[in-house]
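# Residue-level structural notes
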Amino acid sequence: MNKLLIQKREEISETRVAKMVFPGTTNHYDTLFGGIALQWMDEVAYIAATRFSRKAMVTISTEQVDFKQPIPSGILVELVARVVHVGRTSLKVEVNIFLEELHSDKRTKAITGHFNFVAVDENKKPTPIFDDEGNLQPSSP
């Protein structure tokens, strides 16, 4: 595979999404539900995977997700997704969630996880991300 192409695609596919943690997304401890955090992470990982490949992508698995600290209601979070590994039909996206206090520059990493995706064709079958020459495969219309 063309390493320069992969590096360029990794750079342009990095995805950042900011969200507020409101009471409707929190549990009885007034912290973000873990399931909501995982949903947000999968969504931003999907965006990064699609921006990288420009193909239909589906989540096939998650790897270890580390919840390093609780995420309280009323805080801003930034989700940062970046492709960290590329295979023939699949890729891995690392997602980090950072906490940001609204009235300071304090920023803390709260969650890290990895999401695995596979490129699929119109029949929902795995399809190569790159062609035989190592170039990005065009998507089917």
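A brief report on the enclosed structure follows. It should be emphasised that the depicted structure is a prediction, and the values quoted were computed from it without experimental measurement. (Residues numbered from 1 in each chain as written. Predicted model: local features only at pLDDT ≥ 70, side-chain atom pairs only at ≥ 80, totals over all residues. Heavy atoms only, no water.)

### A few points about the overall build of the chain
To keep things clear, this is the line we draw: Here a strand is any run of E in DSSP of at least two residues, a helix any run of H or I of at least four, and the numbering for each starts at the N terminus. With a 1.4 Å probe rolled over the protein chains alone, any residue whose accessible area is under 20% of its type maximum counts as buried; one over 50% counts as exposed, and the rest are partly exposed. Counting rule for charge: Lys and Arg are taken as positive, Asp and Glu as negative, and neither His nor the chain ends is counted. The atom standing in for a charge is NZ when the residue is Lys, CZ when it is Arg, CG when it is Asp and CD when it is Glu.
Along the chain, the regular secondary structure elements total two helices and five strands. In the chain, the succession of helices and strands from N to C terminus is α-β-α-β-β-β-β. Each of the three principal axes of the chain carries a C-alpha extent, and together these read 50 × 30 × 25 Å. Per-residue burial over the chain gives 40% buried out of 141 residues. For the chain, the distance from the average site of its 17 positive side-chain charges to the average site of its 18 negative ones is 2 Å.

### A few points about helix 1 (residues 3-13)
Rules: By arc we mean the arc of the directions from the helix axis to the C-beta atoms, nothing more.
Here helix 1 has its buried residues at L5, I6, R9, E10 and S13. One side of helix 1 carries all its buried residues, which in axial view fall inside an arc of 135 degrees. Facing away from the buried side of helix 1, by more than 90 degrees, are the exposed residues K3, L4 and K8.

### Structural notes on the environment of V44
Note the threshold: Note on contacts: a residue pair is in contact if any heavy atoms of the two residues lie within 4.5 Å.
With respect to the secondary-structure elements, V44 resides in helix 2 (residues 34-53). Looking at V44, the relative accessible area reads 3%, which means it is buried. With 38 residues separating them in the primary sequence, V44 and R82 have C-alpha atoms 9.2 Å apart. Those residues in contact with V44 that lie beyond four places of it in its chain are T15, V17, L79, A81 and V95.

### Focus on the pattern of salt bridges
We count it as follows: Salt bridge, as used here, is a side-chain nitrogen of Lys or Arg placed within 4 Å of a carboxyl oxygen of Asp or Glu.
For the structure shown, the criterion picks out six salt bridges. In this structure, the salt-bridge partner of R16 is E78, at a minimum N-O distance of 3.3 Å. On the criterion of sequence distance, the pair formed by R16 in strand 1 (residues 15-20) and E78 in strand 3 (residues 76-86) is long-range, its members being 62 residues apart. The class of R16 is partly exposed, set by a relative accessible area of 48%.

### Describing the packing of aromatic side chains
Heads up, the rule is: For Phe, Tyr and Trp, rings pair up if their centres lie within 6.5 Å, where Trp contributes its six-membered ring, and each pair is then called stacked (planes under 30 degrees apart), edge-to-face (over 60) or tilted (otherwise). Placement of a charge over a ring requires the Lys NZ or Arg CZ to be within 6 Å of the ring centre, with the centre-to-atom vector within 35 degrees of the ring normal.
What the rule picks out here adds up to one aromatic pair. Consider the rings of F52 and F130, whose centres lie 6.2 Å apart with planes at 85 degrees: the pair is edge-to-face. Here the residue F52 occupies a position in helix 2, and F130 occupies one in the segment after strand 5 (107-120), the gap between them amounting to 78 residues. The pair formed by F52 and F130 is uniform in burial state, with each residue classed as buried. Stacked on the ring of F98, the Lys or Arg R107 has its end atom at 4.1 Å from the ring centre.

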